[in-house]
Amino acid sequence: RFTVFERDGAAVVVDYAHNPSAVAALAAGLAAFPHPHRTLVFSGSNRRDEDLRAMGRLIGDAFDAVVLYDD
C-alpha cells in the first residue's frame, strides 16, 4: 500500500510501516525496484520495545543507510 514518487532516476517510497510485519512487507516490496541503494527515514515513536528491536533487525537487513528521528 505504499506510495511511490519517482524523479531523476530515484524512487521515493512513502509508507506508514508501524509494526514489524509492515516493515517486513515494505522491505519485500522494495525488491520490485532496480535501485541499488536504499535509505530509510524512520521514526519509532510510541512503539513497544520488542517491536522496535524487531523492526531494527529488519531495517538493518534491508537498508544501506537509516536516518532516525523522534517526532
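Every value quoted in this text rests on a predicted model; they were computed, and no experiment measured them. (Residues numbered from 1 in each chain as written. Predicted model: local features only at pLDDT ≥ 70, side-chain atom pairs only at ≥ 80, totals over all residues. Heavy atoms only, no water.)

Considerations on the nonpolar core
Within soluble globular proteins, side chains that are nonpolar tend to cluster in buried spots. Counting residues in each nonpolar core, the largest one holds 11 residues, listed as Ala17, Ala22, Val23, Leu26, Leu30, Phe33, Leu40, Phe42, Met55, Ile59 and Phe63. Contributing elements (two or more residues each) for this core: helix H1 (20–29), strand E3 (39–42) and helix H2 (49–62). Those residues in contact with Phe33 that sit more than four places away from it in its chain are Phe2, Val4, Ala11, Val13 and Arg38. (Core = buried A, V, L, I, M, F, W, Y, C linked by side-chain atoms within 4.5 Å. Buried < 20%, exposed > 50% of the residue type's maximum accessible area, 1.4 Å probe, protein only. Helix = DSSP H or I, 4+ residues; strand = E, 2+ residues; numbered from the N terminus. Contact = heavy atoms within 4.5 Å.)

Topic: the confidence of the model for the chain
Per-residue pLDDT for the chain has a mean of 93; in total, 100% of the residues score no lower than 70. Across the chain, the secondary-structure element scoring lowest on mean pLDDT is strand E2 (residues 10–14), at 94, and the one scoring highest is H2, at 96. (pLDDT = per-residue confidence, 0-100.)

Describing the side chain of Arg38
Inspection of the secondary structure assignment puts Arg38 in the loop between H1 and E3. Here Arg38 occupies a buried position and makes no salt bridge, while the nearest side chain of opposite charge, Asp64, is found at 6.3 Å. Only 3.0 Å separates the side chain of Arg38 from the backbone oxygen of Leu30, close enough to count as a polar contact. Excluding residues that lie within four positions of it along the chain, Arg38 makes contacts with Leu30, Ala31, Phe33, Ala62, Phe63, Asp64 and Ala65. (Lys, Arg positive; Asp, Glu negative; His and termini not counted. Salt bridge = Lys/Arg side-chain N within 4 Å of Asp/Glu carboxyl O. Polar contact = N/O pair within 3.5 Å; in protein donor to acceptor, adjacent residues only side chain to side chain.)

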